[in-house]
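Tertiary structure, described
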Amino acid sequence: MKTSDLTELEAASELAYLAKKISELNKAYYLNDAPLVTDAEYDELKRRNEEIERLFPHLIRKDSPTNLVGATIIADDFKKIKHAVPMLSLANIFSDPEITDFVVRLKKFIDLDNSADFEFMAEPKLDGLSFSALYINKKFVQGATRGDGQVGEDITENLKQIKYLPLELKGDDVPEKIEIRGEVIMNKADFLALNELQEQKKLKPFANPRNAAAGSLRQLDPRVTGRRNLSLFGYTYGTVSELKWSSQSEFLQKITEWGFPVSPEVRLCKNITELREFFAQLGEKRPFLPYDIDGAVYKVNRLDYQNRLGFVARAPRWAIAHKFPPEKAQTLLENIRIQVGRTGILTPVADVTPINVGGVLVSHATLHNDDEIKRKDIRINDTIIIQRAGDVIPQITGVVLSKRPADSTEFVFPTTCPVCGSAVIQDDTAVAKRCSGGLFCPAQIVESLKHFVSRDTLNIDGLGDKIITSFYEKGWVKRPSDIFNLEQNYGQQIVKLEGWGDKSASNLFSSIQKVANATPLDKFIFALGIPEIGQATARLLASTYLSIEHFLAQMKLAIDPTSNAYLELINIDSIGPVIATKITTFMSGQHNLEEIDNLLAVMNITPFIKVESNSVLSGKTVVFTGTLETMTRNEAKAKALSAGAKVAGSVSSKTDYVIQGADAGSKAQKAIELGIQVITETEFSEMIK
Ligand code: IVH
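Please read these numbers as outputs of a predicted model, since none were measured by experiment.

What follows concerns the confidence of the model for the protein. Averaged over every residue, the pLDDT of the protein is 89; residues scoring 70 or more account for 95%. Below pLDDT 50 for its whole length, residues 69-75 participates in 13 contacts with residues either more than four positions away or in separate chains.

With that settled, consider the site of the ligand. The environment of the ligand is made up of 13 residues, and the closest members are Glu123, Leu126, Glu183, Tyr235 and Lys299. One nitrogen or oxygen atom from the side chain of Glu123 is found 2.9 Å from a nitrogen atom belonging to the ligand. Between the ligand and Lys299, the relevant distance is 2.9 Å, taken from a nitrogen atom to a side-chain nitrogen or oxygen of the residue. Protein chains bury 88% of the 520 Å² of accessible surface belonging to the ligand in isolation.

The next thing to look at is unusual backbone geometry. Unusually for a residue other than glycine, Asn229 sits at a positive phi of about 55 degrees. Judged by relative accessible area, Asn229 falls into the partly exposed class, the value being 38%. The phi torsion at Leu546 lies on the positive side, around 65 degrees, for a residue other than glycine. Following the sequence through the fold, Leu546 ends up in the loop between helix 18 (535-545) and helix 19 (548-558).

On to the nonpolar core. Counting 57 residues, the largest nonpolar core has Phe471, Ile483, Phe484, Leu541, Leu569, Ile583 and Met587 as the members making the most contacts within it. Apart from residues no more than four positions distant in its own chain, Met587 is found in contact with Leu528, Ile530, Phe551, Leu552, Met555, Ile559, Leu593 and Ile596. If you look at the next biggest cluster of nonpolar residues, it comprises 35 residues, including Phe78, Phe140, Trp245 and Val262.

Let us look at the sheet that holds strand 23 (residues 621-625). Backbone-to-backbone hydrogen bonds pair the strands of a sheet. The strands run either parallel or antiparallel. Judged by pairing direction, the sheet is parallel, and its four strands sit side by side in the order 24-23-25-26 without closing on themselves. Two strands lie at the open edges of the sheet, namely strand 24 (646-647) and strand 26 (677-680), each paired on one side alone. The pairing of strand 25 (residues 657-660) with strand 26 spans four bridges and is classified as parallel. Its bridge partner being in strand 26, Gln660 is matched across the sheet by Thr680.

Let us look at the sheet that holds strand 10 (residues 293-300). The five strands lie next to each other as 2-13-10-3-9, forming an open sheet whose pairing is mixed. Every other strand in the sheet has two partners, leaving strand 2 (92-93) and strand 9 (267-269) as the edge strands with one partner each. Summarising the sheet, strand 2 and strand 13 (residues 319-323) pair through two bridges and their orientation is parallel. Bridge pairing in strand 13 places Asn92 opposite Ala321.

A few words now on the packing of helix 19 against helix 21 (residues 577-588). Running from amino to carboxyl end, helix 19 crosses helix 21 at an angle of 105 degrees, the nearest separation of the two axes being 9 Å. Classified by the angle between their axes, helix 19 and helix 21 sit roughly perpendicular to one another. Side by side, helix 19 and helix 21 meet where Phe551, Leu552, Met555 and Ala558 of the first sit next to Ile583, Thr584 and Met587 of the second. Split by residue class, the contact of helix 19 with helix 21 holds six nonpolar, one polar and no charged.

Another aspect to go through is the side chain of Ser481. As for its position among the elements, Ser481 is in the loop between helix 14 (465-473) and helix 15 (486-496). With sequence-adjacent residues up to four places away left out, Ser481 is seen in contact with Glu595, Asn598 and Leu599.

So, how was this worked out
Residues numbered from 1 in each chain as written. Predicted model: local features only at pLDDT ≥ 70, side-chain atom pairs only at ≥ 80, totals over all residues. Heavy atoms only, no water. pLDDT = per-residue confidence, 0-100. Contact = heavy atoms within 4.5 Å. Near = heavy atom within 4 Å. Polar contact = N/O pair within 3.5 Å; in protein donor to acceptor, adjacent residues only side chain to side chain. Areas by Shrake-Rupley, 256 points an atom, 1.4 Å probe, with all protein chains shown as cover. Buried < 20%, exposed > 50% of the residue type's maximum accessible area, 1.4 Å probe, protein only. Helix = DSSP H or I, 4+ residues; strand = E, 2+ residues; numbered from the N terminus. Core = buried A, V, L, I, M, F, W, Y, C linked by side-chain atoms within 4.5 Å. Pairing = 2+ DSSP bridges. Axes fitted to C-alpha atoms, helices over the stretch in contact; angles between N-to-C directions. Parallel < 35°, antiparallel > 145°, perpendicular 65-115°, else oblique. Nonpolar A, V, L, I, M, F, W, Y, C, P; charged D, E, K, R; others polar.

In structure tokens form, the structure reads like this:
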């Protein structure tokens, strides 16, 4: 049919058909490397789509294929890849004395003499996007982003477009299987050129080279990645079939020989003085380097030491990132407003005249709390000094008093919540002030809802901050459990919302369903938003109680501080009476209990699965006593944890083994009384082998 003969209804329906069809063809072509039609047929469909859009511009769809040319094509369509070895992050330090703390701490951990040799590989901290590149029989076979550290996105085709990535490694000593990890970066010059192009095309410029690198890599059309001039450097490894090196410096040497790029700025440092020198020199070079860096990374060089040092939470104990000091600028403080967080804490936020701080446009900064505003004597209309470091929210460090105008006004902290009007009270544990409205306060509900669906908790795809907030404002989601009734109660309305359609709605409902069908206990506990319970503590709780039923039953009992359940709770490493009370207070709130019941009616919470371990210590509770000879107490604890054991502070009927070092005291005695097995350090070492 000729385009001009189409009725509006026919045009809309054909546009819908074309959007779907062209997207399928794109995927087949770009992702699966398997075109379904000839180029001419494809072009004809695109031409037809454009013609209809020209005649019926008001019918142009959000997912129109015309919008997708050269732009990001829905990132959700990347295939997911589970990392064989998790991709970790690094702990940070910000000052010189912390270098010494770090080195001394590590030496103590493995009981090295202070004068003993302890080398570090010092590297630039590249400010880009981490990647993993898997080589089998020297051939590049798979690429992935970091994602959440456990699961990343398949960017095999995109990485192939980067000219520095060797498609084949050279040399005779490449392990059969090796995953090289590193950072994809965009050179400063390429970033500026790209932004000029964006401007010419009337597209939004990228905020900094890192964002540009990330946006360019995560393209469903790998040809776009190819046009963006990305670079990369390798700096670590994931899964390896055979270790052919015994230090980080040898590793970097090897991959260089195999043809993989390594930053020329790396240096082996023998001691703290050399680390300091490295940092100072790197800082001087920084403005002249072709790419952005945001600090240095120090890694214990010897692998045997790295293995003994192990990991803490999601970062290696044997490495640290030393960040450059934050960049500063002066601007005008236009206004102070109050933000209400998930737990009701009121945070004053400064709106400032937008200013470029270290390459990023800043228009807001946090003021932390009322005390901070008073202490720094910050007034509205003042010229303030603003600083920003990495991804941290910009901070106001002080006022330029010489520039204070006559009409500067002091900020008066509100006595009622600006969102719900409830009284503002002083928080019991912090200097902060808190809204007393609890879940009566819309701001707190919205923040809890955002937390509930966020990436580290239930990770419901398609339910980002903006959408969950708008569903709340419409009255469709008032509490977490409402999310699971969205399809039934508001499915029809959601499909019709602006920017939504059958596909996006059904994607959302299926990701909600996926979460309803199986949510691991640790994610569920974290999602509940119990004050002070972060990801790591939620995981500890899950690994202690294993099932949701057992967890709830024990928490109910633990409300009584004389109960065994309470003792068990505070005996969990890192949970003391303060946190225990936060948990039991939450668990005795009527509203919270009702909501947990609502959730359990629609969700299946899967028991915590222990990391597979062959160790006999897996699942056992151990207690250490006395002085150990071959390792420090911290090292022993870390080893026990990674063998799947729980480490408790005191002996109880739940203890499986007491590991007795020299000069053991009453714990060993108590173990004997309770009939618990007491073992030697040598026996323990055997068990964790
Ligand atoms: S090593 C197990 N080395 O920094 C060690 N990371 O803040 C993990 N990064 O996710 C990483 N330069 O994306 C390492 N020379 C370097 C690095 C580096 C930049 C990034 C990396 C990591 C993040 C952690």
